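# Analysis of the macromolecular model
In case you want the letters, here they are:
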Amino acid sequence: MNAGGWPYDVAHMLGGGVLLFSFVLLYQRRLVALVSGFATQGALLALAIAWQGFFQDAPLLVATAVISGAVKAVVIPLALRRLLRHLGLQRELEPGLGVGPSLVAGVGLVTLAILVVLPATAGAAPLAREDLAISLSVVLLGMLMMITRRHAISQGIGLLSLQNGLVLAATGMPGLPLVVELSTVILVGALVAVAGFFALRLRQDLGALDLSRPRPPGEAPE
């Protein structure tokens, strides 16, 4: 895709949308809203992959977009919502760092990603450079969410958001084999299944999923 023109602008808009919802995830304090934000980020990621596939003339990327959208915008959010209903988790969560400081730290990480990526990729195509800066920003914000959240499920969503950044970076590279993307999607699905299993076991054994406050034996769950 050549720099300039509306296709270039749409690619930026979709990548920027994925990054925007990384900030939305940092801002959310309710688990249900957090899952909804992740579903929207997954849908935007699928559109970004499809757009890259169309303009790279790469049908495999378009197929990957369909699979990724189905898994990240539908299957995983539905599984997480079902898990939340099963565990009765509807309360607000208090991030370890606080929402305001988390957003400020997020802006700092995005600035760091831009300052690192753009000079280091001066000889690359403009779209590839900027896509890489956006992707690294999404990865760093996912890491920040994993660090600053206390709840096991919100930390898991941070991990999945981080992986969205890796996929976004990979799709900006022409000729990426479909098997790499499929392996990534399967791995994420397996991680969610394992996380759900351990979440249920934690609920049964400890009575809570807040990793900062282990519940004493015999105390009633929230």
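Here the structure is a predicted model, which is why all the values come from computation and not from measurement.

To continue, consider the overall build of the chain. Each helix and strand counted, the chain has seven helices and zero strands in total. Element order for the chain, N to C, with α for helix and β for strand: α-α-α-α-α-α-α. The 222 residues of the chain split such that 45% are buried. Taking the intrachain contacts of the chain between residues at least 6 apart in sequence as the baseline, contacts between residues at least 24 apart amount to 73%. Accessible surface for the chain amounts to roughly 10,700 Å². Of this, 72% is attributable to carbon and sulfur atoms.

Of all hydrophobic cores here, the largest spans 37 residues; its most connected members are Leu-19, Leu-141, Ile-153 and Ile-157. Broken down by secondary-structure element, the contributors of at least two residues to this core are α1 (6-27), α2 (31-55), α3 (59-87), α5 (126-148) and α6 (152-171). Discounting residues that sit within four places of it in the chain, Ile-157 has contacts with Leu-25, Leu-34, Val-35, Phe-38, Leu-80 and Met-145.

What follows is about the packing of α1 against helix α4 (residues 99-120). Between α1 and α4, whose axes approach to 9 Å, the crossing angle comes to 155°. In terms of orientation, α1 and α4 fall into the roughly antiparallel class. Once α1 is placed against α4, the crossing between them reads as right-handed. When α1 is examined against α4, the residues Leu-19, Phe-23, Leu-26 and Tyr-27 are found in contact with a partner set consisting of Val-99, Ser-102, Leu-103, Gly-106, Val-107 and Val-110. For the contact of α1 with α4, the class distribution of residues is eight nonpolar, two polar and no charged.

Viewed as axis vectors pointing N to C, α2 and α6 meet at an angle of 10°, and their least axial separation amounts to 10 Å. Overall, the two elements α2 and α6 adopt an arrangement that is roughly parallel. Between α2 and α6, the residues in contact are Leu-31, Leu-34, Val-35, Phe-38, Gln-41, Leu-45, Ala-48, Ile-49 and Gln-52 and Ile-153, Ser-154, Ile-157, Leu-160, Ser-161, Asn-164, Val-167, Leu-168 and Thr-171, respectively. Among the residues making up the contact of α2 with α6, the classes are represented as 12 nonpolar, six polar and no charged.

Counting through the fold element by element, Ser-161 comes out in helix α6. Here Ser-161 falls in the buried class, since its relative accessible area comes to 2%.

Attention now moves to the confidence of the model for the chain. Mean pLDDT over the chain works out to 77, with 70% of the residues at or above the 70 mark. Here helix α7 (residues 178-206) stands out as the least confident element of the chain, with mean pLDDT 56; α2 is the most confident, with 90.

It is worth spelling out the UniProt feature "transmembrane region" (unreviewed entry) in the chain at this point. Following the UniProt record, one finds the feature "transmembrane region" (unreviewed entry) at residues 6-27, 34-54, 60-80, 101-120, 132-149, 156-176 and 182-200. Here residues 60-80 runs as 100% helix and 0% strand, with 28 Å between its end C-alpha atoms.

Criteria and cut-off values
- Residues numbered from 1 in each chain as written.
- Predicted model: local features only at pLDDT ≥ 70, side-chain atom pairs only at ≥ 80, totals over all residues.
- Heavy atoms only, no water.
- Helix = DSSP H or I, 4+ residues; strand = E, 2+ residues; numbered from the N terminus.
- Buried < 20%, exposed > 50% of the residue type's maximum accessible area, 1.4 Å probe, protein only.
- Contact = heavy atoms within 4.5 Å.
- Areas by Shrake-Rupley, 256 points an atom, 1.4 Å probe, with all protein chains shown as cover.
- Core = buried A, V, L, I, M, F, W, Y, C linked by side-chain atoms within 4.5 Å.
- Axes fitted to C-alpha atoms, helices over the stretch in contact; angles between N-to-C directions.
- Parallel < 35°, antiparallel > 145°, perpendicular 65-115°, else oblique.
- Left-handed = near helix turned anticlockwise from the far one by under 90°.
- Nonpolar A, V, L, I, M, F, W, Y, C, P; charged D, E, K, R; others polar.
- pLDDT = per-residue confidence, 0-100.
- UniProt positions renumbered as here; feature names shortened; annotations may be inferred.

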